[in-house]
There are 2 protein chains.
Amino acid sequence: MFKIIKKSKIDRTRLGEIQTNHGTVKTPIFMPPGTQATVKAIGPDDLNKIGIEILLVNTLHLHLQPGENLINDLRGIHQFMGWSGPILSDSGGFQVWSFSKNRAKNGQNLAKISENGVEFFSPLDGSKHLITPEKSIEIQHKLGSDIIMAFDECSPNSNNKEYAKESMERTHRWAERSLKKHQELSKHYINNGKKPPLIFGIIQGGIFEDLRKESAKFITNLDFNGIALGGETIGYNMPKTLEILDYLQDLLPENKPRYTMGLGSSPYDIIEVVKRGVDMFDCVGPTRTARHGSLYNFESEFEKGCLRISNSRFKKDNGPIDENCDCYTCQNFSRAYLHHLYSVKESLYLRLATIHNLRFMMKLIKVLRNNI
Amino acid sequence: MFKIIKKSKIDRTRLGEIQTNHGTVKTPIFMPPGTQATVKAIGPDDLNKIGIEILLVNTLHLHLQPGENLINDLRGIHQFMGWSGPILSDSGGFQVWSFSKNRAKNGQNLAKISENGVEFFSPLDGSKHLITPEKSIEIQHKLGSDIIMAFDECSPNSNNKEYAKESMERTHRWAERSLKKHQELSKHYINNGKKPPLIFGIIQGGIFEDLRKESAKFITNLDFNGIALGGETIGYNMPKTLEILDYLQDLLPENKPRYTMGLGSSPYDIIEVVKRGVDMFDCVGPTRTARHGSLYNFESEFEKGCLRISNSRFKKDNGPIDENCDCYTCQNFSRAYLHHLYSVKESLYLRLATIHNLRFMMKLIKVLRNNI
């Protein structure tokens, strides 16, 4: 299901293709978040025009509302949200971690974690929920995702090695249980001449080299279709992320796609991990910062490659966000208009801003692919 | 600039065409509100796909933010908001009335009205503003609207005849001042071989037949390009509105377009006024109710031609809002998905809902045109 098309001669960058039930995903690829079965503020028509190739949806959000059974009854997540391209679902591990806002000082997660799974309270209505590895895989199968993730615990970016080890070992046992459940649920696809979804395993181990290596060996040894790097550290602590990618390089199989989860809050981060052989990444960064007024433009005058549209310098600026951008927003609207929409809190701003930042990401991806 | 193409043999319906600086407007026509230089929640791409032919923008909103001078410097309202079709601007009279939320019991408006104009406080920052007829016309010229409105006082739907008369007489004097200012500002268009915007006068007179008739005679006697019916009564008090249209029928010139301002909160209202020879109408109703969860569908099972998308009966309903609708929303998304988006407050809901209700209005307009 994964084919390497081309490899760089100067670094570890690689061009690949993943075959899914909803078409081929070219790698490297950025996957925008479609958390609640919609990429915030834009429609599938916009996604197609931007050139988005694969989306991510959140298992836990959809489990809580509207529920995987409803989506399954309505012919699956693609039909439900009007997106016919590939979809990856996360396992819910990260969401449980992010739902439990209050974390202990040693970095330990306050959602109640046991060997069986994670017990947590819904942020919607306070109701108690239990997600086990088996449950997570079942939800993802019911959603009808093309790529599903093993259930894991998102390990904190913390110095607590004892907890990192305990958590990693549990994640390993959950990986085996996830895979077993997946194989069980996949039988009826195979019996019906269909292909089951792909499943990716997740390497944990926090910030610790020995643990990360141990986790890499364990996870790559199982029959997963792809390998992800998880944990709060990935993307959030970029120096550590790059270090991890460097020391794990010989442990990651060549013939499986590699996915750094939650990475991409800055376009620079993506450039760095692609050079280190990463094929897939997702982040709420580009869409969230767009909504909050930061629009990508890499001209040197703008700090960190972002134009803050609320700045009064744009009030009378009739130019587009980025003169070289071919997105709908840059082709049709000025900075002055976006400044106005943002100031008066009109929802069209959210759409136009999101379109630009996502198009920026896709153009970056194209450049990275062409540079090999 | 106005041509009647066809007249009904069974009622007063008429098909017409208004020539503007940004193309021809076919009548009868519904004009969606683009209050703050955007039709809430949708873009010009959506407007084009829906088949919207002319928009309305609010003079007072744009005067307060971002200001008519800024828009003028940036080559006008069309360029600013990325809409190349015709635009009508209101005079600000209605907005002053709606900004001053607290009205005296006798229906008198609490914005400070004098012979010179209206003094009011900005709802944005409390700053004091004075809008005179001359100022309103100047703002509208600076915006670059295709159709501008004389400055008027929006008379209340009240029994206070004394006030209605006083207000109407002032509106008449303001109409003359508006026209004079318009003619003065129009000179440089004519000198440059260009056509100035069209200007419409507004008939007031509240709920009183003698006043409405007096106002109709006065306004139609001035050199306006079109005739509007204004006041809180129009659209808000539909029985009275229809009565007014009936007794004014012989006083309204055949060869000028007729515009009922703020009318169209229900599609039924539009059917009624078109039958009575009205050519143009605008209302926030279709877009506002869409955003608040009411989606047009005239199947008999739905109350008042609306489907309340929040209703749990739609939770698992895989059908479109309206099976016979050709809009982007109905062609691609289910009631269940819209119910979900509405429940989780995703902004894509606002866009999809607005697209449907506006497309419904435009289809209704087409039917009314074809029925002649």
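To keep things clear, this report deals only with the structure shown in the data block. Everything numeric here is computed off the predicted structure, so don't read it as measured data.

1. What to know about unusual backbone geometry
Logical step 1: Thr27(A) connects to Pro28(A) through a cis peptide bond whose omega is 0°.
Logical step 2: Following the sequence through the fold, Pro28(A) ends up in the loop between strand 3 (23-27) and strand 4 (29-31).
Logical step 3: Despite not being glycine, Ala41(B) shows a phi value in the positive range, around 80°.
Logical step 4: Turning to its location among the elements, Ala41(B) is positioned in the loop between strand 4 (29-31) and helix 1 (44-50).

2. Observations concerning the relation of the copies chain A and chain B
Logical step 1: For the match of chain A to chain B, the screw axis carries a shift of 0.0 Å, the RMSD comes to 0.0 Å, and the turn is 180°. The two molecules are tied by a two-fold rotation axis, judged by turn and shift. No C-alpha of chain A approaches the rotation axis more nearly than that of Ser347(A), which lies at 3.6 Å.
Logical step 2: Mapped onto chain B, 100% of the interface residues of chain A are again interface residues, and the two copies thus contact each other with one and the same surface.

3. Structural notes on the interface of chain A and chain B
Interface size is commonly expressed as the accessible surface area that is lost when the partners come together.
Logical step 1: Facing 34 residues of chain A, the contacting portion of chain B comprises 35 residues.
Logical step 2: Put simply, the parts of the chain that give the side of chain A that touches chain B at least two residues each are helix 1 (44-50), helix 3 (68-73), helix 4 (76-81), helix 13 (328-332), helix 14 (335-343) and helix 15 (347-370) of chain A.

4. Some details on the packing of helix 7 (residues 161-191) of chain B against helix 8 (residues 209-220) of chain B
Residues and elements named next belong to chain B.
Logical step 1: One can describe the packing of helix 7 onto helix 8 by two numbers: an axis separation of 11 Å at closest approach and a directional angle of 5°. Here helix 7 lies roughly parallel to helix 8, going by the angle between them. Between helix 7 and helix 8, the contacting residues are Ala164, Lys165, Met168, His172 and Ala175 on the first element and Leu211, Ser215, Phe218 and Ile219 on the second.
Logical step 2: Here the contact of helix 7 with helix 8 is built from residues that sort into six nonpolar, two polar and one charged.

5. Quick look at the nonpolar core
Logical step 1: Core analysis: the largest hydrophobic core is formed by 175 residues, its most contacted members being Phe200(A), Leu338(A), Phe200(B) and Leu338(B).
Logical step 2: If you tally residues by element for this core, the top one is helix 15 (residues 347-370) of chain B, at 12 residues.
Logical step 3: The contact partners of Leu338(A), leaving out residues within four places of it in the chain, are Ile309(A), Ile321(A), Phe333(A), Tyr349(A), Leu352(A) and Ala353(A).

Conventions used here
- Residues numbered from 1 in each chain as written.
- Chains lettered and ligands numbered in written order.
- Predicted model: local features only at pLDDT ≥ 70, side-chain atom pairs only at ≥ 80, totals over all residues.
- Helix = DSSP H or I, 4+ residues; strand = E, 2+ residues; numbered from the N terminus.
- Least-squares fit on C-alpha atoms with pLDDT ≥ 70 in both.
- Contact = placed C-beta atoms within 7 Å.
- Axes fitted to C-alpha atoms, helices over the stretch in contact; angles between N-to-C directions.
- Parallel < 35°, antiparallel > 145°, perpendicular 65-115°, else oblique.
- Nonpolar A, V, L, I, M, F, W, Y, C, P; charged D, E, K, R; others polar.
- Core = buried A, V, L, I, M, F, W, Y, C linked by C-beta atoms within 7 Å.
- Buried ≥ 20, exposed ≤ 12 C-beta atoms within 10 Å, placed from the backbone.

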